[in-house]
Amino acid sequence: MTDMAIQATGLVKQYGGKTALDQLTLSVPRGEIFGLLGHNGAGKTTTVNILTTLLPPSSGTASVAGRDIRTQPAQVRRVIGYLPENVQFYDNLTLNENLMFFAQLSGVQHPAARIRTVLDIVDFPGHEREHMGTFSKGMRQRAGIAQAILHEPAVLFLDEPTSGLDPQGVATLRNIIIRLNRELGVTVFMNTHLLGEVTRTCTSIGILGAGRLIYQDSISATLDSFPGQDSLEEIYLSIAAGTPS
Amino acid sequence: MAEVGVLCRKELKDLSRSRAIAMLLVFLSAVILLSVLVAAADYRVKLAEYTAYADALKAAGGSPTPPPNLFPLQMLRAGIEYLEIVGSLFAVILGYGLVAKEKGSNTLQLLFTRPLGRHAFAGGKILATVIVWLVVVAALFAVVALAVLLAGRAQLAGQDFLRLAIAAAHTWAYFIMWSLLALTLASLTRQPASGLVLALVLWLVIVLVIPQIGDTMDPDNQVPGGLFTSLQIDRTNEKALLTHFASYETGRDFVEQTSATKQYERAVFAYLGVKTQYNQVPLGAVWDATSHNSLWLLTTSVFTVAAAFLSTTRETLLRKLP
């Protein structure tokens, strides 16, 4: 049993003649909240899509919770939860019906009980009978996290989870992610642009540049390694510019 | 298989609450009902005219000629035309929506990070389409039959109900064909709207252009009311005359037969007795004369089911995400 929740070696993804990922090698230990940073087009979403088996890599290998994404994609899907950016769900269905649908598709044994549990975890009770078409962005994200953890995944992938949320929504979601990680032991892999949130939420970061991992370390080590920089934003900009101080 | 059932139930629930779909179906029902009511009024007038004539003749000591051929199912002619044109258009919109909304709301990514079988998504969508149209068509034909009975004050025999059921089955296959064609095209195109445009172009060609070409080429359509009727040429002589234009008629027939809409119309009009030559003809004889139309329609529908099943896979949908 490996201690790595995610292990990728030499991942390459090409779209036509364009290389989105170029020999990406990455390891995320179990129990981490890992933030993947990078400019637009750096390959963050492609990385998540490959690790969640939505996209096949052009070459290279990767495993999630010990399951190979190429040879065991169905097993990978059983141990991951995923929340894409700007997911809308089925507006004509209630929250309970949406969650019941995803619980049944995931083979959850006692879906009704599990739905109550996950709604407690994301602190979102009392909205089960409301149609999701009436939900705000923040409510949708909480519902999204709830659907992602219905089947008790080992690794949770979040693509820009706090994008478009108001400060209160960001704080709420941050607390949920931290609780999932600390209390339930879920490894979290998130793409984000909000560097302030990364500092508050993540335990480690990786920075992608032109499809390659150009930096990876824990948050505390990163902040210690750049004594002249006041914030993660400054550190990120200096690393991304290829001029670490 | 359980996943197919889960996906299908979700789809049915979603569709049953869709305001847009409800409005389209209410509109379709209303125009069909209206067309039957108009035809029923005309039917009642003709029946009353004959009854008055027969009564007057009897009172004068004469014996009236046999009643005119008032076949009540002929009231459905305009309704069937609405189904083949407007209904098929709605079927295209429904089929397109089944994939477009999943692509537009990013729910495909949620579905495909679940341990689903390769064809579970397609299976759920196809099954939902089949069930939706079964329910809608059954309801439409039940309403239509009631309208014929009540508004037309017509008497329907057991065989008439069978004819209605056969027409409904053809309509069911026809709608499934259009919905699954649109679903296939929306799956195969990166932007679902492009798939919709393609489906609408095909709809335009199959539903409007080809039948119009066939009608324009029909010699009997060259004069309002019918060329042969206006020249007082009866059916036997019409057939004898057309044998001199066999090649032309074969070509015209071939053009029409390339349209699934025309196949549907020919079969349904025959079973309902809308076409005079099939009026009061036993069902077996109608089958003998039009089985190729029914079988072509069935083949086309089965083909679209296969196309939807094979095209609406995880690989295709994820490769074609907007």
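This text gives an overview of the structure that appears in the document. (Residues numbered from 1 in each chain as written. Chains lettered and ligands numbered in written order. Predicted model: local features only at pLDDT ≥ 70, side-chain atom pairs only at ≥ 80, totals over all residues. Heavy atoms only, no water.)

## Comments concerning the pairing of strand β10 (residues 212-218) of chain A
All names here are of chain A.
Move 1: As judged from the 6 bridges shared by strand β9 (residues 204-209) and β10, these two strands associate in the antiparallel manner. Each bridged residue has a counterpart across the sheet, and for leucine 208 the counterpart in β10 is leucine 213.
Move 2: Here β9 hands over to β10 after 2 residues, with alanine 210 in that stretch at a positive phi of 50 degrees. (Pairing = 2+ DSSP bridges. Helix = DSSP H or I, 4+ residues; strand = E, 2+ residues; numbered from the N terminus.)

## Focus: the interface of chain B and chain A
Move 1: Opposite the 23 residues of chain B that make contact, chain A presents 28 residues.
Move 2: Around 2400 Å² of area is buried between chain B and chain A when both sides are counted, 62% of it from carbon and sulfur atoms.
Move 3: When residues of chain B are sorted by the area they lose upon contact with chain A, Leu110(B), Thr113(B) and Arg114(B) head the list and together hold 29% of the total.
Move 4: Counting every contact that joins chain B to chain A gives 2 salt bridges.
Move 5: Among the ionic pairs, Glu97(A) bridges to Arg17(B), the shortest N-O distance being 2.5 Å.
Move 6: Broken down by secondary-structure element, the contributors of at least two residues to the side of chain B that touches chain A are α1 (2-16), α4 (107-112) and α13 (314-319) of chain B.
Move 7: Residue composition of the side of chain B that touches chain A, by class: 8 nonpolar, 6 polar and 9 charged. (Contact = heavy atoms within 4.5 Å. Buried area = accessible area lost by both parts, 1.4 Å probe. Salt bridge = Lys/Arg side-chain N within 4 Å of Asp/Glu carboxyl O. Nonpolar A, V, L, I, M, F, W, Y, C, P; charged D, E, K, R; others polar.)

## Re the sheet that holds strand β7 (residues 155-159) of chain A
In any sheet, the strands associate via hydrogen bonds between backbone groups, in a parallel or an antiparallel arrangement.
Residue and element names in this part refer to chain A.
Move 1: One open sheet holds the 6 strands; their spatial order is β6-β7-β8-β3-β9-β10, and the pairing between them is mixed. Of all strands in the sheet, those bounded by a partner on one side alone are β6 (80-83) and β10. Mean inter-strand twist for the sheet, computed between neighbouring axes without regard to direction, equals 15 degrees.
Move 2: Along the sheet, helix α5 (residues 137-148) contacts β6 and β7; its crossing angle with β6, the most-contacted strand, is approximately 160 degrees. (Axes fitted to C-alpha atoms, helices over the stretch in contact; angles between N-to-C directions.)

## Things to note about the packing of helix α3 (residues 95-105) of chain A against α5(A)
Residues and elements named next belong to chain A.
Move 1: At a closest axis distance of 9 Å, the pairing of α3 and α5 adopts a crossing angle of 30 degrees. With respect to α5, the element α3 is oriented roughly parallel. The handedness of the crossing between α3 and α5 comes out as right-handed. Facing Leu95, Leu99 and Phe102 of α3, the residues of α5 in contact are Ala143, Ala146 and Gln147. (Parallel < 35°, antiparallel > 145°, perpendicular 65-115°, else oblique. Left-handed = near helix turned anticlockwise from the far one by under 90°.)

## Points about the pairing of β7(A)
All names here are of chain A.
Move 1: Buried residues dominate β7, accounting for 5 of its 5 residues.
Move 2: Both faces of β7 are covered, namely the face carrying Val155, Phe157 and Asp159 and the face carrying Leu156 and Leu158.
Move 3: With 4 bridges joining them, β6 and β7 adopt parallel strand pairing. The residue of β7 that forms the bridge with tyrosine 82 is phenylalanine 157.
Move 4: Once you follow β7 into helix α6 (residues 167-184) and on to strand β8 (residues 187-191), the crossover reads as right-handed. (Buried < 20%, exposed > 50% of the residue type's maximum accessible area, 1.4 Å probe, protein only. Right-handed = clockwise from strand over helix to strand, strands pointing away.)

## Looking at helix α11 (residues 260-272) of chain B
Residue and element names in this part refer to chain B.
Move 1: Under the 1.5 Å per step criterion, the end-to-end length of α11 is 18 Å for 13 residues, consistent within 8% with the ideal 18 Å.
Move 2: Where burial is concerned, most of α11 is hidden: 13 out of the 13 residues are buried.
Move 3: Glycine 273 sits one or two positions beyond α11 and adopts a positive phi of about 75 degrees. (Expected span 1.5 Å × (residues − 1).)

## Some points on the sheet that holds strand β1 (residues 4-15) of chain A
Residues and elements named next belong to chain A.
Move 1: The strand order across the open sheet built from 4 strands is β2-β1-β4-β5, with neighbouring strands paired in antiparallel fashion. Two strands in the sheet have a free side with no partner beyond their single neighbour: β2 (18-29) and β5 (67-68).
Move 2: Pairing analysis gives 5 bridges linking β1 to strand β4 (residues 59-64), with the strands arranged antiparallel. Bridged to alanine 8 within β4 is alanine 62.

## As for the nonpolar core
Move 1: Core analysis: the biggest nonpolar cluster contains 159 residues, and Phe157(A), Phe189(A) and Trp178(B) have the highest contact counts within it.
Move 2: With residues near it in sequence (within four places) discarded, Trp178(B) still touches Ser88(B), Ala91(B), Val92(B), Ala199(B), Leu202(B), Trp203(B), Ile206(B), Val207(B) and Thr261(B). (Core = buried A, V, L, I, M, F, W, Y, C linked by side-chain atoms within 4.5 Å.)

## As for the side chain of Lys10(B)
Move 1: Position of Lys10(B) relative to the elements: it lies in helix α1.
Move 2: Here Lys10(B) falls in the buried class, since its relative accessible area comes to 3%.
Move 3: Setting aside residues no more than four positions away along its own chain, Lys10(B) makes contact with Tyr90(A), Leu93(A), Phe101(A), Glu102(B) and Lys125(B).

## As for the side chain of Glu102(B)
Move 1: Locating Glu102(B) in the fold gives a position in helix α3 (residues 77-104).
Move 2: Separated by 2.7 Å, the side chains of Glu102(B) and Tyr90(A) make a polar contact.
Move 3: Apart from residues no more than four positions distant in its own chain, Glu102(B) is found in contact with Tyr90(A), Lys10(B), Glu11(B), Thr107(B), Leu108(B), Leu111(B), Phe121(B) and Lys125(B). (Polar contact = N/O pair within 3.5 Å; in protein donor to acceptor, adjacent residues only side chain to side chain.)

## Concerning the pattern of salt bridges
Move 1: Overall, the coordinates contain 20 salt bridges over all chains when judged by the stated rule.
Move 2: A salt bridge links Glu197(A) to Arg200(A); its shortest N-O distance comes to 3.2 Å. Separated by 3 residues within a single helix, Glu197(A) and Arg200(A) lie in helix α7 (residues 195-201), roughly one turn from each other.
Move 3: Judged by relative accessible area, Glu197(A) falls into the buried class, the value being 7%.
Move 4: Glu256(B) is the partner of Lys262(B) in a salt bridge, and the nearest nitrogen-oxygen pair spans 3.9 Å. Accessibility assignment for this pair places Lys262(B) and Glu256(B) in one class, buried.
Move 5: Several salt bridges converge on common partners, so that one network encompasses Lys10(B), Glu11(B), Asp14(B), Lys101(B), Glu102(B) and Lys125(B).

## Looking at the packing of aromatic side chains
Move 1: In total, this model carries 15 aromatic pairs over all chains according to the counting rule given.
Move 2: Note on Tyr90(A) and Phe102(A): the rings are 6.3 Å apart at their centroids and 20 degrees apart in plane angle, and the pair reads as stacked. Taken together, the residues Tyr90(A) in the loop between β6 and α3 and Phe102(A) in helix α3 connect sequence positions 12 residues apart. The two residues Tyr90(A) and Phe102(A) agree in class, both being buried.
Move 3: On the numbers, 5.9 Å between centres and 50 degrees between planes, the contact of Tyr50(B) with Tyr53(B) is tilted. In this pair, Tyr50(B) and Tyr53(B) both sit in helix α2 (residues 19-59), 3 residues apart, roughly one turn of the helix.
Move 4: Assessed through its relative accessible area of 18%, Tyr50(B) is described here as buried.
Move 5: Residue class for Tyr53(B) comes out partly exposed when judged on its relative accessible area of 33%.
Move 6: Grouped by ring-pair contacts, the aromatic residues Trp133(B), Tyr174(B), Phe175(B), Trp178(B) and Tyr264(B) constitute a single cluster.
Move 7: One Lys or Arg, Lys10(B), reaches over the ring of Tyr90(A) and ends 3.8 Å from the middle of that ring. (Phe/Tyr/Trp six-rings, centres within 6.5 Å; stacked < 30°, edge-to-face > 60°. Lys NZ or Arg CZ within 6 Å of the ring centre and 35° of its normal.)

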